[in-house]
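Analysis of the macromolecular model
Next come the chains, spelled out residue by residue.
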Amino acid sequence: QSTYGISKFAGECLLVPVAAKMGFPLVIFRSCKLYGPGDQNFEYGPGSFLYSVLTGKPVRLYGDGSELRDHLYIEDLVQIVRHFAQSDESGTYNLASGVSRTYQDLIAIIRTVAKKEFEVSHEDRTRPQVDQTVDVSHLKQAVPGLDLTTLEQGIIETFRDMEQRLSEGTLH
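Nothing here was measured: the structure is a model prediction, and the numbers come from that model.

1. Notes on the packing of helix H4 (residues 103-114) against helix H6 (residues 151-168)
The interhelical angle for the contact between H4 and H6, taken along N-to-C directions, is 50°, at an axis separation of 10 Å. In this view, H4 runs oblique relative to H6, as classed from their interaxial angle. Viewed along their axes, H4 and H6 form a crossing whose handedness is right-handed. Contacts from Leu106, Ile109, Ile110, Val113 and Ala114 of H4 reach H6 at Leu151, Glu152, Ile155, Ile156 and Phe159. Looking at the contact of H4 with H6 residue by residue, the class counts come to nine nonpolar, no polar and one charged.

2. Observations regarding helix H2 (residues 46-54)
Burial analysis of H2 places nine of its nine residues in the buried class, the great majority of the element. Burial in H2 covers these residues: Pro46, Gly47, Ser48, Phe49, Leu50, Tyr51, Ser52, Val53 and Leu54. Elements in contact with the buried residues of H2: strand E2 (33-35), strand E3 (59-62), strand E5 (71-73), H4 and H6. Where H2 terminates, the next one or two residues include glycine 56, which has phi positive at roughly 75°.

3. A closer look at the pattern of salt bridges
Scanning all chains against the criterion turns up eight salt bridges. Residue glutamate 67 pairs with arginine 125 through a salt bridge whose shortest N-O separation is 3.0 Å. Of this pair, glutamate 67 sits in the loop between E3 and strand E4 (68-69) while arginine 125 sits in the loop between strand E8 (120-123) and helix H5 (137-142); the two residues are 58 residues apart in sequence, bridging distant segments of the chain. Between glutamate 157 and arginine 160 there is a salt bridge whose closest N-O contact spans 3.5 Å. Here arginine 160 and glutamate 157 lie together in helix H6, a separation of three residues that amounts to about one turn. Here glutamate 157 falls in the partly exposed class, since its relative accessible area comes to 29%. The structure contains a network of salt bridges with shared partners spanning Arg101, Asp105 and Glu152.

4. Let's talk about the packing of aromatic side chains
In total, this model carries eight aromatic pairs according to the counting rule given. A centroid spacing of 5.5 Å and a plane angle of 70° characterise the contact between phenylalanine 29 and phenylalanine 84, whose relative ring orientation is edge-to-face. Taken together, the residues span a long stretch of sequence, with phenylalanine 29 in strand E1 (residues 27-31) and phenylalanine 84 in helix H3 (residues 74-85) at a distance of 55 residues. With relative accessibility at 6%, the residue phenylalanine 84 sits in the buried group. When the ring of tyrosine 44 is compared with that of tyrosine 103, the centres are 4.7 Å apart and the planes differ by 55°; the resulting orientation is tilted. Separated by 59 residues along the polypeptide, tyrosine 44 in the loop between E2 and H2 and tyrosine 103 in helix H4 bring together distant segments of the chain. What makes tyrosine 103 buried here is its relative accessible area of 6%. Ring pairing ties together the aromatic residues Tyr44, Phe49, Tyr62 and Tyr103, which thus form one cluster. Sitting over the ring of phenylalanine 118, arginine 111 keeps its end group 4.2 Å from the ring centre.

5. Quick look at the layout of surface pockets
The space that makes up the largest pocket amounts to roughly 1,600 Å³. Ser2, Tyr4, Arg69, Val130 and Gln132 are the residues nearest the centre of the largest pocket, which is lined by 33 residues in total. Sorting the residues of the lining of the largest pocket by element identifies helix H1 (3-22), E1 and strand E6 (91-95) as the ones contributing at least two each. Sort the elements by how many residues they give to the lining of the largest pocket and H1 lands first, with five residues. Of the residues in the lining of the largest pocket, the class split is twelve nonpolar, nine polar and twelve charged. In this structure, the second largest pocket spans a volume of roughly 160 Å³. Surrounding the second largest pocket, Arg69, His71, Ser97, Val99, Arg101, Lys140, Leu148, Thr149, Thr150, Leu151 and Glu152 form its lining. In the lining of the second largest pocket, the residues fall into three nonpolar, four polar and four charged.

Cut-offs and rules
Residues numbered from 1 in each chain as written. Predicted model: local features only at pLDDT ≥ 70, side-chain atom pairs only at ≥ 80, totals over all residues. Heavy atoms only, no water. Axes fitted to C-alpha atoms, helices over the stretch in contact; angles between N-to-C directions. Helix = DSSP H or I, 4+ residues; strand = E, 2+ residues; numbered from the N terminus. Parallel < 35°, antiparallel > 145°, perpendicular 65-115°, else oblique. Left-handed = near helix turned anticlockwise from the far one by under 90°. Contact = heavy atoms within 4.5 Å. Nonpolar A, V, L, I, M, F, W, Y, C, P; charged D, E, K, R; others polar. Buried < 20%, exposed > 50% of the residue type's maximum accessible area, 1.4 Å probe, protein only. Salt bridge = Lys/Arg side-chain N within 4 Å of Asp/Glu carboxyl O. Phe/Tyr/Trp six-rings, centres within 6.5 Å; stacked < 30°, edge-to-face > 60°. Lys NZ or Arg CZ within 6 Å of the ring centre and 35° of its normal. 1 Å grid on protein atoms, 1.4 Å probe; cavity = no way out; pocket = protein on both sides within 12 Å on 5 of 7 lines; lining within 4 Å. Points joined across faces, edges and corners; volume = space filled by probe spheres on them.

Dropping the structure here:
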């Protein structure tokens, strides 16, 4: 529905005939926002919220934070990529947890994990609110036994990692 989405889809369409002509299986991953230990990308979402809390800065929240988003834990991505790298399967797969949550939910989880109060700075929304829900049923059929990390558990692991890297001086 956006020029960005159209450009990504066009790229996928270009890859399909190339893979067919070359005779190799093509796997296309459509990923939502990734987060987890080692994160150095502090764009809007779990990583930036945690970094703000750990460095004593206000958490920036656009609008009221009620928009739905899905976030995928990095170790889940590794598990999924490993599965497809070891198979001859092809297809297009949505990579997400399959459970969309609001940014308000995310802040509530972080408050529980961080065990300290922090300021939330509400900023004007620069774009219309868009809720994101992702169907991962095709992925779960392709990867039997896939056990995706809950947002709560992923935030706990990411917080611990960031806290440690901050104390070591390796988190910038």
